[in-house]
Amino acid sequence: ESKKRRESYQVDAKRNDIFASWSGNYDEFLKDCGLKMSIFAPTKEEDVNRCVELIQRSNQYNVSGIKRDKEYMDEILSSETFKSFGYRVEDRYGKYGIVGFASFKMTDGEYHLTDFVMSCRVAQKKVERAFLNWFIGQLTEGTVVRINVNKTNRNMPLRDELKKMPLTVDSDDEKMICHHYVKGEGNFVDDQIIDV
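Residues numbered from 1 in each chain as written. Predicted model: local features only at pLDDT ≥ 70, side-chain atom pairs only at ≥ 80, totals over all residues. Heavy atoms only, no water.

A.B. asks: Looking at this structure, I do not really get the overall build of the chain. What am I missing?
C.D. replies: Tallying secondary structure elements over the chain gives six helices and seven strands in all. The secondary structure elements of the chain, listed N-terminal to C-terminal, are α-α-β-α-α-β-β-β-α-β-α-β-β. Reported as C-alpha extents along the three principal axes, the dimensions of the chain are approximately 50 × 40 × 35 Å. For the chain, the proportion of its 196 residues judged to be buried stands at 46%. Within the chain, residue pairs in contact and separated by at least 24 positions form 66% of the contacts whose partners lie at least 6 positions apart. (Helix = DSSP H or I, 4+ residues; strand = E, 2+ residues; numbered from the N terminus. Buried < 20%, exposed > 50% of the residue type's maximum accessible area, 1.4 Å probe, protein only. Contact = heavy atoms within 4.5 Å.)

Here it is as structure tokens:
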């Protein structure tokens, strides 16, 4: 992953050069990049280890703010109570690799987002929106998704992105902001920028 990270930074530099001469708006640029996301259940050891690395390294895009370990990951991946996903992103300039992990705990027919982490390499590319739109698209009408964010001094970027989504804020204090979304009560955001 370290080697992939270096390669990704080089590709990012190329993207930035192209964007610097781009005459359209930012969404048009993202569409031109041909972003693709593949979502999978982490089963391979190397994929699981990468997801653990993301949980331990991600700060700006970390819903819990907790640095989970491999033991925790093995536990939730083997539990029927959790639905867990990793995701890869690529575009016409190159591959970002595995850049995110999310886990939902099923409680009383509701889905609680317990973990969501994302690499800053794909920040501001609407990846988190595409993932949540995909997940909600799998649910039946009336299903509730709850997203509680433990506020840290680093995860304001994630909180700002969630504000742009059609989520209902249930509570907001110094430590946590709690949202929910009911499938079917209005359309969830779909930028039609990323092919999932």
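A.B. asks: It is not clear to me how empty space enclosed by the protein should be interpreted in this structure. Could you clarify?
C.D. replies: Rolling a probe over the atoms, with the probe sized like a water molecule, indicates the empty space that remains. In the structure shown here, the tally under the stated rule is one cavity of 30 Å³ or more. Considering the residues around the largest cavity, the lining is formed by Val63, Leu113, Phe116, Glu128, Leu132, Ile147, Leu158 and Leu162. Going through the elements one at a time, β4 (110–118), α5 (127–137) and α6 (156–163) are the ones with two or more residues in the lining of the largest cavity. Its residues assigned to classes, the lining of the largest cavity comprises seven nonpolar, no polar and one charged. (1 Å grid on protein atoms, 1.4 Å probe; cavity = no way out; pocket = protein on both sides within 12 Å on 5 of 7 lines; lining within 4 Å. Points joined across faces, edges and corners; volume = space filled by probe spheres on them. Nonpolar A, V, L, I, M, F, W, Y, C, P; charged D, E, K, R; others polar.)

A.B. asks: How do you make sense of the nonpolar core when you look at a structure like this?
C.D. replies: Nonpolar side chains tend to gather and get buried jointly when the protein is soluble and globular. Residues Tyr87, Val89, Phe104, Phe116, Phe131 and Ile147 are the most contacted members of the largest nonpolar core, which totals 42 residues. Going through the elements one at a time, α2 (26–33), β2 (82–91), β3 (94–107), β4, α5, β5 (144–150), α6 and β7 (176–182) are the ones with two or more residues in this core. By size, the runner-up hydrophobic cluster in this structure holds 13 residues, among which are Val52, Leu54, Ile55 and Tyr72. (Core = buried A, V, L, I, M, F, W, Y, C linked by side-chain atoms within 4.5 Å.)

A.B. asks: When you look at helix α4 (residues 70–77) in this model, what are you seeing that I'm missing?
C.D. replies: Quick reminder: α-helices carry 3.6 residues per turn. Residues three or four places apart thus point the same way. Buried residues of α4: Tyr72, Met73 and Ile76, and no others. All buried residues of α4 fall inside an arc of 100° around its axis, so they share one side. Exposed side chains of α4 directed beyond 90 degrees from the buried face belong to Glu71 and Glu75. Close packing links the buried residues of α4 with α3 (45–57), β2, β3 and β4. (Arc of directions from axis to C-beta.)

A.B. asks: Explanation requested: the environment of Tyr181 in the structure shown.
C.D. replies: Along the polypeptide, Tyr181 turns up in strand β7. With 13 residues separating them along the chain, Tyr181 and Thr168 place their C-alpha atoms 6.2 Å apart. Not counting chain neighbours up to four residues away, the residues in contact with Tyr181 comprise Ile136, Thr143, Val144, Val145, Pro166, Leu167, Gly186, Asn187 and Phe188. Within the structure, the side chain of Tyr181 is placed 3.2 Å from the backbone nitrogen of Phe188, a separation counted as a polar contact. (Polar contact = N/O pair within 3.5 Å; in protein donor to acceptor, adjacent residues only side chain to side chain.)

A.B. asks: Could you clarify how one ought to interpret the packing of aromatic side chains in this entry?
C.D. replies: Centre distance and the angle of the planes are the two values used to describe a pair of aromatic rings. Taken as a whole and judged by the stated rule, the model has 13 aromatic pairs. Look at Tyr111 and Phe135: their rings are 5.4 Å apart centre to centre, the planes differ by 80°, and that puts the pair in the edge-to-face class. Of the two residues, Tyr111 sits in strand β4 while Phe135 sits in helix α5, which places them 24 residues apart along the sequence. Overall, the relative accessible area of 2% leaves Phe135 in the buried class. Through pairs of rings, three or more aromatic residues link up here, namely Phe85, Tyr87, Phe104, Tyr111, Phe116, Phe131, Trp134 and Phe135. Between the NZ or CZ atom of Arg68 and the centre of the ring of Tyr72, over which it lies, the distance is 4.3 Å. (Phe/Tyr/Trp six-rings, centres within 6.5 Å; stacked < 30°, edge-to-face > 60°. Lys NZ or Arg CZ within 6 Å of the ring centre and 35° of its normal.)

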